[in-house]
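Chains, contacts and geometry: an overview
Chain by chain, the residues:
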Amino acid sequence: MYVLGIETSCDETAVAIYHAEKGLISHILYSQASAHSEYGGVVPELASRDHIRKLTPLIRQTMQDSGVKAKDIGGIAYTAGPGLMGALLVGAATARSLAWAWRIPAVAVHHMEGHLLAPMLEEDSPEFPFVALLISGGHTLLIEVGGIGQYRLLGESLDDAAGEAFDKTAKLLGLAYPGGPELARLAGQGREGRFHFPRPMTDRPGLDFSFSGLKTFALNTIQQHVVCDQDRADVAIAFQRAMADTLSIKCKRALQQTGLKTLVVAGGVSANQMIRSKLLEMSAEQGAQVFFPRPEFCTDNGAMIAYAGCQRLLAGQTQNLEIFARPRWPIDELVGTEIA
Ligand code: KG4
Ligand code: ZN
């Protein structure tokens, strides 16, 4: 069965075709980043309008590139939340309409479940159960994963998400939106040890995170010490090191607490090389294995939605014709939709 995947939850319009046995057939992504960068963040109305402009041509192109015809597609998967309401509605309405016209089922996919399952697109993929660290622009979650739909929340951010902390700190450093990758580039020129940022909430038990203090710490450091480009790079590397250490300390704790030996790390921030190296090092010390998606599938993409939707379609989990979109949608509310 071929499944068409559609992702429009934020500022990427992405489409993919996944086949239940053959795997990923094709995927295309259009990033709106340049449209939003002059505003320093995503403007929801601009995002919805751009999705409307781009989505249908992208679906056509994905089908043309792959040679897959409408009659061969057995189901459609679309991101139903969490995300921006207007942006989600574009994907949801398009997916539902196509499914109705083609007389095939459509399935609403949880965006963070898409991220969580993205490493399954790789040849060397993890086996359940595992601990998942999801680090994106809107969420920071530690989850014990028993299988698809079997999620127990272990910890989450009490304030800013990891990606949000990267973006806000990048902005303070004068970098363009989206700041995460820009900050990582600048950190490449930085000198370790010049500044030392706190590792928030690591000195007390528990698996929750708090990142808003890092941004304030960055602001104070910049105001007191930064005069040249080298200073900015030194702040960037210190911030990134604090982020990597904090995530690593919490993941280690989650592995120890659950007794699991597999860690999955996904979401936009998992593309960060320093964070990947730190988590690889920690996992090796713990005798655990760590899995990441390839960098292009760390950030938003259609392939992860097509994959997640395919698994749910194969399990017969389709919905009625309602156009379902939910801007706020806690992942543990998927309990009850387990795939046996
Ligand atoms: O998962 P994602 O593409 O979208 C959401 O679901 O939010 O994550 C986007 C976030 C942004 O905050 C972006 O700055 C961050 O991921 N990001 C990075 C890197 N690449 C993307 N942060 C740090 N280092 C990177 N290399
Ligand atoms: Zn995402």
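Residues numbered from 1 in each chain as written. Chains lettered and ligands numbered in written order. Predicted model: local features only at pLDDT ≥ 70, side-chain atom pairs only at ≥ 80, totals over all residues. Heavy atoms only, no water.

**A word on the nonpolar core**
Stated formally: We define a nonpolar core as any set of buried Ala, Val, Leu, Ile, Met, Phe, Trp, Tyr and Cys residues linked to one another through side-chain atoms lying within 4.5 Å. Buried residues are those whose accessible area, probed at 1.4 Å on protein chains only, stays under 20% of the maximum for their type, while exposed residues exceed 50% and partly exposed ones sit between those limits. Domain start and end points were adopted from an automatic or database domain assignment. By definition in these notes, contact holds between two residues if any of their heavy atoms fall within 4.5 Å.
In this structure, Leu4, Ile76 and Leu116 are the most contacted members of the largest nonpolar core, which totals 59 residues. Taken domain by domain, this core gets at least three of its residues from each of domain 1 (2-116 + 297-334) and domain 2 (127-292). Those residues within four positions of Leu4 in sequence are excluded, and the remaining contacts are Val15, Ala16, Ile17, Ile59, Ile73, Gly75, Ile76, Ala77, Leu98 and Trp102. Formed by 47 residues, the second largest nonpolar core is a distinct cluster that contains Leu183, Phe209, Val235 and Ala242.

**Here's the deal with the layout of surface pockets**
A water-sized probe rolled over the atoms picks out the places where empty space is left. Put simply, the test is: Cavities and pockets are defined on a 1 Å grid built over the protein atoms alone: a cavity is a set of grid points where a 1.4 Å probe fits but cannot escape, while a pocket is an open set with protein on both sides within 12 Å along at least five of seven lines, and lining residues are those with an atom within 4 Å of any such point. Grid points are joined across faces, edges and corners, and a volume is the space filled by probe spheres set on the points. Helix numbers and strand numbers start at the N terminus; a helix is a DSSP run of H or I with at least 4 residues, a strand a run of E with at least 2.
There is about 170 Å³ of room inside the second largest pocket. Here the lining of the second largest pocket gets three residues from one element, more than from any other, and that element is strand β5 (residues 106-110).

**What about the pattern of salt bridges?**
Note the following rule: Definition used for salt bridges: Asp or Glu carboxyl oxygen within 4 Å of a side-chain nitrogen of Lys or Arg.
By the definition in use, this model includes 19 salt bridges. Across the pair Asp50 and Arg53 runs a salt bridge whose closest N-O atoms are separated by 3.0 Å. Linking Asp50 with Arg53, this pair stays in helix α2 (residues 44-66), spanning three residues, or about one helical turn. As a salt-bridge pair, Asp234 and Arg191 come within 2.6 Å of each other at their nearest N and O atoms. Here the residue Asp234 occupies a position in helix α8 (residues 229-258), and Arg191 occupies one in the loop between α6 (179-187) and α7 (212-225), the gap between them amounting to 43 residues. A residue is classified by how much of its surface remains accessible, and Asp234, at 0% relative accessible area, is buried.

**Quick word on the domain arrangement of the protein**
Inclusion rule: Buried area: the accessible area, evaluated with a 1.4 Å probe, that two parts lose upon being put together, summed over both parts.
Segmenting the protein into domains produces domain 1 (2-116 + 297-334) and domain 2 (127-292). For domain 1 versus domain 2, the distance between C-alpha centres works out to 27 Å. Opposite the 19 residues of domain 1 that make contact, domain 2 presents 22 residues. When the two sides are added together, the surface that domain 1 and domain 2 hide from each other amounts to roughly 1600 Å², 74% of it contributed by carbon and sulfur. Among the residues of domain 1 in contact with domain 2, Met112, Leu116 and Cys298 are the three that bury the most area, contributing 38% of the side total. Linking domain 1 with domain 2 are zero salt bridges. Element by element, the count of residues in the side of domain 1 that touches domain 2 is highest for helix α4 (residues 111-117), at four residues.

**A short note on the sheet that holds strand β9 (residues 262-266)**
Where we set the bar: By definition, two strands form a pair when at least two bridges between them are found by DSSP. Geometry is summarised by axes, namely lines fitted to C-alpha atoms with helices restricted to the contacting stretch, and by angles between N-to-C directions that run from 0 to 180 degrees.
The five strands lie next to each other as β8-β7-β6-β9-β10, forming an open sheet whose pairing is mixed. The open sheet has two free edges, formed respectively by β8 (150-156) and β10 (289-291), since each of these has just one partner strand. Along the sheet, successive strands turn relative to each other by an average axial angle of 25°, direction set aside.

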